[in-house]
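Analysis of the macromolecular model
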Amino acid sequence: MNLDWNNLGFDVRKTNAVMVTRFVDGAWTPMEADASFTMSLNPYALVMHYAVACFEGLKAFRQKDGRVVMFRPDENAARLRRSAAYLGLPEPPVELFIQMCEECVRRNLDFLPPYGHGASMYIRPILMSVHPQIGLSPHPEVVFAVMGTPVGTYHGSTLKAFSAVIPGNYDRAAPKGSGSYKLAGNYAPTFRPYNIAHAQGYGEMLFLNSGTREFIDEFGSSNFFAIKDGTYITPLSDSVLPSITNKSLQVVATDLGLKVEKRHIPLAELADCQEVGACGTAVVLTPISRIDVKPVLEEAEVTASYRFCEDGAVGPMCTKLYRHLTGIQFGEVEDIHGWCYPVC
Ligand code: PLP
Ligand code: COI
């Protein structure tokens, strides 16, 4: 495939096939490859008006020795099952989830970036309720589809810090709400404030716990971590998505000799942190240069500003963690924890 592997960005590209299965009469139909990338849905389908859908994001990598692997697909399978259960939808078995992802990678191998460009294939599994219905109750008629698209960097550059804003008049997740599940409906309400934040030059939004607004929760696209005096700290919260990247970085941090603390992080503690980063499958590890607190996103007032590094720079620990994690993914660092699942 003739693509500019160094400048893929984070975009959708039509590939050879999307894998599809449906839940019919209590069982999953044999998976099929669909090359058309179109789907016909009844406009009353539950996904269309009530956002009855959950999804995942994981990556496949072409490694240094030519092998193709997926990073921790069992973890994504378990998380999709948890989201499906929350929505009252049938939970795809772990083996089916992995087979669908594996087959998606195999059929789209031409689109898997070659080793050496820092690029990978982003795999997007989605489970959606397609039953035509206007009443508010779950229905087991679902489509489970898995797509894959070649991607480079989410925020346009590697290991270059950008600023984030805490938008005081927007929350991402309600207390005791669905924030820790990867539901389609959690994301749509962030689009408008994202637009505003981006227009003001911020790369990300950081959300506080919506109940009391005392503690850090997570970014709109990713988890939060900070480095404070040799310790990797990351929020303990019922409202953040349990990030597989964060879970992995906590292990990497320990392997690199850091202490790890998962606990409430009061906003004011940012003043004592040396480095801050966003972590997730899409963003990988992206350093944060500054965090501004704005009572009202649309207005100019900034009540506090925490600075960690210059825009475009990166701290030493973020660099080490990034190199180690991506080193494992690209087969440059020994995968001692068995995180890479071989595809071919
Ligand atoms: N937080 C949110 C809101 C996300 O959408 C994501 C992306 O999946 C993450 C965190 C990071 O999770 P993971 O590392 O499993 O991709
Ligand atoms: C991922 O990192 O896989 C995500 O789903 C993030 C998405 C909001 C772009």
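About the cut-offs
- Residues numbered from 1 in each chain as written.
- Chains lettered and ligands numbered in written order.
- Predicted model: local features only at pLDDT ≥ 70, side-chain atom pairs only at ≥ 80, totals over all residues.
- Heavy atoms only, no water.
- Buried < 20%, exposed > 50% of the residue type's maximum accessible area, 1.4 Å probe, protein only.
- Helix = DSSP H or I, 4+ residues; strand = E, 2+ residues; numbered from the N terminus.
- Pairing = 2+ DSSP bridges.
- Near = heavy atom within 4 Å.
- Polar contact = N/O pair within 3.5 Å; in protein donor to acceptor, adjacent residues only side chain to side chain.
- 1 Å grid on protein atoms, 1.4 Å probe; cavity = no way out; pocket = protein on both sides within 12 Å on 5 of 7 lines; lining within 4 Å.
- Sits in = over half its atoms within 2 Å of the grid points.
- Nonpolar A, V, L, I, M, F, W, Y, C, P; charged D, E, K, R; others polar.

Side chains on a regular strand alternate between the two faces of the sheet. The element strand 7 (residues 120-129) is extensively covered by neighbouring structure, given that eight of its ten residues are classed as buried. Here three bridges tie strand 4 (residues 53-55) to strand 7, and the two strands are oriented antiparallel to one another. Looking at strand 7, one finds that Phe-55 is bridged to Ile-126. The pairing of strand 5 (residues 58-62) with strand 7 spans three bridges and is classified as antiparallel. If you follow Leu-58 over to strand 7, its bridge partner there is Ile-123. Of the strand pairs in this sheet, strand 7 and strand 8 (residues 142-151) are connected by ten bridges, and their pairing is antiparallel.

Tyr-187, Glu-218, Ser-243, Thr-245 and Thr-281 are the nearest of the 16 residues found near ligand 1. Between an oxygen atom of ligand 1 and a side-chain N or O atom of Tyr-187, the distance comes to 2.5 Å. With respect to the pocket detection grid, ligand 1 is positioned in the largest pocket. Broken down by secondary-structure element, the contributors of at least two residues to the shell around ligand 1 are helix 5 (244-255) and strand 15 (275-280). Tallied by class, residues from the shell around ligand 1 come to four nonpolar, eight polar and four charged.

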